[in-house]
Amino acid sequence: MDDATPPAAPTASECADAETAEAEFMYALESGAPPHVARELGISTTRIAGGVALAMRHDPAGGYWNKSLGLGLTEPVTGQVLDSVLDFYRDSGSGVACLQVAPQALPQDWDDLCAAHGIVAGSSWVKLVRDASPAPGATTDLRVGPVTREDARAWGEVYCVGFGMPVGPLADMVAAVLDNPSFHPLAAWDGDEVVAGANLYLTGDLASFCGAATLEKARGRGAQSTFFHRRVELARAAGARLMVAETWAECEGQHNPSLHNMRRAGFRDLYVRQNWVWHAE
């Protein structure tokens, strides 16, 4: 069925796996920006208390790339930890940051910590996982395969356009994943034109499904279901034990096609994670 059944409470191990997979791909993506792109966007990254903190001082997407992930997995989230994270963003010159902390990792005094540090609740995301069972079949009339060097920039542009972000240095940052063998980017071509893209990140025995986008003119032609099929099989061939994905949670009256595509591809809801937002004074 497309609709999700209520998820069972995740174990500490599942929580750690789900958050680690996302944190590592985001860290690799932003840290891997070419030097001139990193300078232009003002990128800085660090590891704090077992998690990662990623800053983009000149984020053309309005703050999306300023985020901290993986806190609370290896050591408790305390006021001192939050001080370190927020000091990093202040020092980077970023005026906003999103702290993405798994609900199971939030301390009992989280509300007090938020009040003391000027952190407020934002939107919510769904974390999903699947095992290494075979992928459902999929078909498309588009040509699908690994991204080539020749089409890397076009693939990066499709990513930006598909996610509503400005094309420019962000596309160069995204395209640079071709230099990291842990990423496995895929494209869909309509003739010679790249019209859709997807990415997979492998870290140990975890596989992170790190984004997929299709240009509006090519939607409804099976690109996304085919990307899921290809990435599941790539992850299985690499020996992945667990596959992880995330997308925004639906509110009443909303429909997120990505969420339903993930469920049809065999992913199950693990938990809903609140985004926690900090703004510089």
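The notes below deal with the structure included here. Every chain is numbered on its own, with residues counted from 1 as its sequence reads. It should be noted that, the model being predicted, local features are given only for residues of pLDDT at least 70 and side-chain atom pairs only at 80 or more, the latter also being counted only at that level, while totals for whole chains, interfaces and linings use all residues. Processing note: side-chain calculations cover all non-hydrogen atoms of the structure and skip hydrogens and water entirely.

1. Thoughts on the sheet that holds strand β7 (residues 186–190)
- By the convention used here, strands pair only if DSSP detects at least 2 bridges between them. Numbering of helices and strands starts at the N terminus; helices are DSSP runs of H or I of at least 4 residues and strands are runs of E of at least 2. Strand order in this open sheet of eleven strands is β1-β2-β3-β4-β11-β5-β10-β9-β8-β7-β6, and the pairing throughout is mixed. Edge positions in the sheet fall to β1 (43–48) and β6 (143–146), since each of these pairs with one other strand and no more. Within this sheet the neighbouring strands show an average axis-to-axis angle of 25°, counted without direction.
- A contact between two residues is defined here by any heavy atoms of the two lying within 4.5 Å. Only the contacting stretch of a helix is used when fitting its axis, a line to C-alpha atoms as for every element, and angles between N-to-C directions run 0 to 180 degrees. Here helix α1 (residues 12–31) sits on the sheet and contacts β1, β2 (51–56), β3 (67–69), β4 (96–100), β5 (119–130), β8 (193–203), β9 (206–214), β10 (242–248) and β11 (268–279); the angle it forms with β11, its principal contact strand, is near 50°.
- Across the sheet, helix α7 (residues 223–237) is in contact with β5, β6, β7, β8, β9 and β10; its angle to β9 comes to roughly 160°.

2. Re unusual backbone geometry
- A positive phi angle is found at alanine 49, which is not glycine, with a value near 50°.
- Relative to the helices and strands, alanine 49 resides in the loop between β1 and β2.

3. Details of the pairing of β1
- Pairing between β1 and β2: six bridges, direction antiparallel. Residue pairing for β2: threonine 45 is matched across the bridge by leucine 54.

4. Some words on the packing of aromatic side chains
- Note on ring pairs: Phe, Tyr and Trp rings are taken, using the six-membered ring of Trp, and paired if centres are within 6.5 Å. Classes follow the plane angle, with under 30 degrees stacked, over 60 edge-to-face and the rest tilted. Taken as a whole, this structure holds nine aromatic pairs when the rule is applied.
- Ring plane angle 70° and centroid distance 5.0 Å describe the contact between phenylalanine 88 and tyrosine 89, whose orientation is recorded as edge-to-face.
- Residue classification places phenylalanine 88 among the buried positions, given a relative accessible area of 13%.
- Measuring from ring centre to ring centre gives 5.5 Å for tryptophan 110 and tryptophan 276, while their planes differ by 80°; the resulting arrangement is edge-to-face. Highlighted residues: tryptophan 110 in helix α4 (residues 110–117) and tryptophan 276 in strand β11, separated in sequence by 166 residues.
- Among the aromatic residues, those joined into a ring-pair cluster are Trp155, Tyr159 and Phe163. Think of it in three bands: with a 1.4 Å probe and only protein chains considered, a residue is buried below 20% of the maximum accessible area for its type, exposed above 50%, and partly exposed in between.

5. Comments concerning the pattern of salt bridges
- Whenever Lys or Arg places a side-chain nitrogen within 4 Å of a carboxyl oxygen from Asp or Glu, that contact is recorded as a salt bridge. Summed over the entire model, instances satisfying the criterion amount to 17 salt bridges.
- One salt bridge connects lysine 127 with glutamate 22, and the closest N-O pair in it is separated by 3.0 Å. Taken as a pair, lysine 127 in strand β5 and glutamate 22 in helix α1 lie far apart in primary sequence, 105 residues in all.
- On the basis of relative accessibility, which here comes to 2%, the residue glutamate 22 falls in the buried class.
- Here arginine 149 makes a salt bridge to aspartate 179, at a shortest N to O gap of 2.9 Å. Separated by 30 residues along the polypeptide, arginine 149 in the loop between β6 and α5 (152–162) and aspartate 179 in the loop between α6 (169–175) and β7 bring together distant segments of the chain.

6. Topic: the state of the cysteines
- Defined by distance alone, a disulfide is two cysteine sulfur atoms within 2.5 Å. Counted according to the given criterion, the structure contains zero disulfides.
- No disulfide involves cysteine 15; its nearest neighbouring cysteine sulfur is the one of cysteine 98, lying 16 Å away.
- Taking the relative accessible area as the measure of exposure, cysteine 15 reaches 4% and is therefore buried.
- With no disulfide of its own, cysteine 210 lies 14 Å from the sulfur of cysteine 160, the closest cysteine sulfur.

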